[in-house]
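These are the residues of each chain, in order.
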Amino acid sequence: MALTKRPNSPNWFVEVQINGKKYVRSTKTDHKPTAKRIAETLIHNIRIEVIEGPSKEITLRDACERYMALRKGIASERSLKGVLTKILKILDGSMYLSQITGKHIVDYVDHRKQEGCSAQTIKHGVQFLTAVIKQAKREGYTVPDVEGPSIPVRNKRLRYLSIEEEKRLLQELDPNRKGYGIPEQHTRPRKILRQIQDNYDLVIILLDTGARYGEIAKLTWEQIDLMKRTINLWRSKVSNESVLFMTKRVFEVLDRRSKTNTENYVFRSNDGGPRKNNNIAIRKAFRRAGLHDCTIHTLRHTHATRLIQNGLSIYEVRSVLGHTDIRTTMRYAHLENVSVTERARDVMEGL
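Described below are features of the structure shown in this document. All of these numbers come straight from a predicted model, not from anything done at the bench.

## Here we look at the overall build of the protein
Inference 1: Looking only at helices and strands, the protein features 14 helices and six strands.
Inference 2: Across its three principal directions, the C-alpha atoms of the protein cover 70 × 50 × 50 Å.
Inference 3: Out of the 351 residues belonging to the protein, those deemed buried represent 40%.
Inference 4: Sequence-distant contacts in the protein: of pairs separated by 6 or more residues, those separated by 24 or more amount to 60%.
Inference 5: Of the roughly 20,800 Å² of accessible surface on the protein, a fraction of 50% belongs to carbon and sulfur atoms.
Inference 6: Across the protein, the 63 positively charged side chains and the 40 negatively charged ones have centroids separated by 2 Å.

In structure tokens:
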């Protein structure tokens, strides 16, 4: 067994010889440790196909399990399991995949609508079923000639912070802020002082890097080079890696924390592990600042918006944010268009 790269793909491929014949399969990931885990399942499936030969029929449940086996260890595995659980609650997992019709998929969509699910959530389920059918077809099973219905997803207005809104938020997070009902800093327990400082520092880094919350929450000191002022960021959601350069205030935050933090993680939980997904204090700060329609992810939108408003292209912003699909970055395209038309005006004024 060998893992190899191909010039036309960033992903790892597994190559194995059985009975003198070479078989090549894509692991669909560019993260080598994950590729190694997936390779074991791929080889197992190849041996079954070669020695036993695939059966013509496969149940919906078995097809879904084979699909999930190839995605073991990827960042979205947990969410995919949730989608699968819902599908098997609505559709009969014991029926053959070939028996699935368009009506089954419509029934699934209608059922999820009655549960009050968003269009995006329903779309994920339909895409999951479609992907399962496509994989079963590649493996030689009898599959239905069916396509999922189109699920229109309305794009919400892109929310990002203005400079003035950012100032209000940071004022509400300031560890030194004073106000009615706020105890004096010297009277606060040490644990509370650390949590307040963590919230402020975290928001600064998210604003100036555009990183996802989970990427910074799990950040270790090994990923930080204060001499070069860089952050080596592993993006587990999309299995790629980025090198980010620190702004002045990010450097000041990390330099200060490096002098007092001897733990492995830059932001640690009470048990010494990475920071948990507990952001009640930050959500309250948003509300106190009058930013009721904002979340932590708004900070990522803010970073991307400012880059485009100041001349970076969609493709450059894609690289900064670590998007694998340019379509994800295209939500900011209208901002780039504004910048283009503004420059066009300047050209005409010059003439």
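## Notes on unusual backbone geometry
Inference 1: In this structure, K28 takes a positive phi of about 60° despite not being glycine.
Inference 2: Within the secondary structure, K28 is located in the loop between β3 (21-26) and α1 (32-52).
Inference 3: Positive phi values are uncommon outside glycine, yet R229 reaches one of about 60°.
Inference 4: Looking at R229, the relative accessible area reads 36%, which means it is partly exposed.

## Overview of the sheet that holds strand β1 (residues 2-6)
Inference 1: A sheet is described by the order of its strands in space; here three strands give the open sequence β1-β2-β3, paired in antiparallel fashion. Where the open sheet ends on each side, the last strands, each with one partner, are β1 and β3. Between one strand axis and the next, the sheet turns by 35° as a mean value, whatever way the strands run.
Inference 2: Across six bridges, the pairing between strand β2 (residues 9-18) and β3 is antiparallel. Directly across from E15, in β3, lies its bridge partner V24.

## Side note on the sheet that holds strand β4 (residues 224-225)
Inference 1: Across the sheet, three strands lie side by side as β4-β5-β6; this open sheet has antiparallel pairing. The open sheet has two edge strands, β4 and β6 (240-245), and neither has a second partner.
Inference 2: Pairing of strand β5 (residues 230-235) with β6, which is carried by six bridges, proceeds in the antiparallel orientation. Paired with I231 across the strands is L244, a residue of β6.

## A look at the pattern of salt bridges
Inference 1: The tally for this structure, following the rule as stated, stands at 19 salt bridges.
Inference 2: R159 serves as the salt-bridge partner of E165, at 3.0 Å between the closest nitrogen and oxygen.
Inference 3: On the basis of relative accessibility, which here comes to 15%, the residue E165 falls in the buried class.
Inference 4: Salt bridges here are not isolated pairs; linked through shared partners, they connect R194, D198, D201, R256 and R257.

## Digging into the packing of helix α4 (residues 102-114) against helix α5 (residues 119-138)
Inference 1: At a minimum axis distance of 10 Å, the contact between α4 and α5 shows a crossing angle of 155°. Between α4 and α5, the crossing angle belongs to the class labelled roughly antiparallel. Classified by chirality, the crossing of α5 by α4 is right-handed. On the side of α4, the interface is formed by I105, Y108, V109, R112 and K113, while α5 contributes T121, I122, G125, V126 and L129.
Inference 2: Residue composition of the contact of α4 with α5, by class: six nonpolar, two polar and two charged.

Rules used throughout
Residues numbered from 1 in each chain as written. Predicted model: local features only at pLDDT ≥ 70, side-chain atom pairs only at ≥ 80, totals over all residues. Heavy atoms only, no water. Helix = DSSP H or I, 4+ residues; strand = E, 2+ residues; numbered from the N terminus. Buried < 20%, exposed > 50% of the residue type's maximum accessible area, 1.4 Å probe, protein only. Contact = heavy atoms within 4.5 Å. Areas by Shrake-Rupley, 256 points an atom, 1.4 Å probe, with all protein chains shown as cover. Lys, Arg positive; Asp, Glu negative; His and termini not counted. Charge placed at Lys NZ, Arg CZ, Asp CG, Glu CD. Pairing = 2+ DSSP bridges. Axes fitted to C-alpha atoms, helices over the stretch in contact; angles between N-to-C directions. Salt bridge = Lys/Arg side-chain N within 4 Å of Asp/Glu carboxyl O. Parallel < 35°, antiparallel > 145°, perpendicular 65-115°, else oblique. Left-handed = near helix turned anticlockwise from the far one by under 90°. Nonpolar A, V, L, I, M, F, W, Y, C, P; charged D, E, K, R; others polar.

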